[in-house]
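Structural description and commentary
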Amino acid sequence: MLKWAAAIIGFLIYRYPGAIAGFVIGSLIDNFSGGSKRGARTVFDDITRKQVSPADFELNLLSLCSVVIKADGKVSQRELDYVREYFVSTYGKEKANAIFRTFNDVIKNREISAQRICLYLNQRTRYEVRLQLLHFLFGIAQADGSVSASEVSKLSEIAGYLRVGRQDFESIKAMFVKSGDNAYKILEIDKSATNDEIKKAYRTMAKKYHPDRVNTENEAIKKGAEEKFKEVQKAYETLQKERGIA
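Residues numbered from 1 in each chain as written. Predicted model: local features only at pLDDT ≥ 70, side-chain atom pairs only at ≥ 80, totals over all residues. Heavy atoms only, no water.

A separate point is the overall build of the chain. For the chain, the count of helices and strands is twelve helices and zero strands. Element order for the chain, N to C, with α for helix and β for strand: α-α-α-α-α-α-α-α-α-α-α-α. Per-residue burial over the chain gives 50% buried out of 246 residues. In the chain, once contacts between residues fewer than 6 apart in sequence are set aside, the share between residues at least 24 apart is 71%. When the accessible area of the chain is evaluated, it comes to approximately 12400 Å², of which 51% is carbon and sulfur surface. (Helix = DSSP H or I, 4+ residues; strand = E, 2+ residues; numbered from the N terminus. Buried < 20%, exposed > 50% of the residue type's maximum accessible area, 1.4 Å probe, protein only. Contact = heavy atoms within 4.5 Å. Areas by Shrake-Rupley, 256 points an atom, 1.4 Å probe, with all protein chains shown as cover.)

Set out below in structure tokens:
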């Protein structure tokens, strides 16, 4: 498609800024000519508050992925593979390969402003979408076997830029970083909560993370929503056993 050719040419001439400019200009031309209707939809198209073009979302998502991948000072092949697998499952192997050929150097070597990207996304996406995005970014960090302190710090920074509430951040974090009070954190309650408060919290969280709230046909995002929902169920079952909740 024209947007990828324009991005490559822009990158060769002006490096990263040129790639962005070429990508956006090519996308506008594609959209004007009807190209956007023929292309793959992004996984969040069905749940955005304002329309975000596939080209814009792909570029911003890849950029955020690179921020997380580089958070611990090294580029893990397993983390890169995790991202590539996501793009393959979403856009197909041919397009995923094209994306990575064009932006591989950007992912590994360029500095990116997470704050600017998140500001852009905040203006165009619903809160639920940003929770899904944060969960995906945690998945990248864990792809090499564990989430490091530096990665947690960077993800916390990104969550702030995305205006994700602290309790929601701690809840998602607890799904990837294990500790003794994980079940409480996932349900967003304190250890001092009563049994009735635990039941109420479970109902609230199950509703928030139910897969039906993710209005998309994309299998990758459906899987992520199902994983979060299962973690909420597991947390509640853990507390049921610990406290003897009927």
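What follows is about the packing of helix 7 (residues 127–142) against helix 8 (residues 149–161). Axis angle and axis distance: for two packed helices, these are the angle between their axes and the distance between the axes, and together they describe the pair. It is the contact of helix 7 with helix 8, at a shortest axis distance of 11 Å, that shows an interaxial angle of 165°. On the basis of their axis angle, the class for helix 7 and helix 8 is roughly antiparallel. Between helix 7 and helix 8 the crossing geometry is right-handed. Residue-level inspection shows Leu 134, Leu 137, Phe 138 and Ala 141 of helix 7 in contact with helix 8, the latter providing Glu 151, Leu 155, Ile 158 and Ala 159. (Axes fitted to C-alpha atoms, helices over the stretch in contact; angles between N-to-C directions. Parallel < 35°, antiparallel > 145°, perpendicular 65-115°, else oblique. Left-handed = near helix turned anticlockwise from the far one by under 90°.)

Evaluated as defined, the whole model comprises five salt bridges. Linking Glu 170 and Arg 166 is a salt bridge whose minimum nitrogen-to-oxygen distance equals 3.1 Å. Here Glu 170 and its partner Arg 166 are both found in helix 9 (residues 166–174), four residues apart, which amounts to about one turn of the helix. Between Lys 178 and Glu 231 there is a salt bridge, with the nearest N and O atoms lying 3.9 Å from each other. Of the two residues, Lys 178 sits in the loop between helix 9 and helix 10 (182–186) while Glu 231 sits in helix 12 (residues 219–243), which places them 53 residues apart along the sequence. Glu 231 sits in the buried class, given a relative accessible area of 17%. (Salt bridge = Lys/Arg side-chain N within 4 Å of Asp/Glu carboxyl O.)

A separate point is the packing of helix 4 (residues 77–91) against helix 7. Following both chains from N to C, one finds helix 4 and helix 7 inclined at 140°, their axes separated by 7 Å at the closest point. By the angle between their directions, the pair helix 4 and helix 7 is classed as oblique. Facing Glu 79, Tyr 82, Val 83 and Tyr 86 of helix 4, the residues of helix 7 in contact are Phe 136, Gly 139, Ile 140 and Ala 141.

Ranked by size, the top nonpolar core spans 59 residues in total, and within it Leu 64, Phe 87, Leu 137, Ile 158, Leu 187 and Ile 198 carry the most contacts. What Ile 158 contacts, discounting residues up to four positions off in sequence, is Leu 64, Val 67, Val 68, Ala 114, Cys 118 and Leu 137. (Core = buried A, V, L, I, M, F, W, Y, C linked by side-chain atoms within 4.5 Å.)

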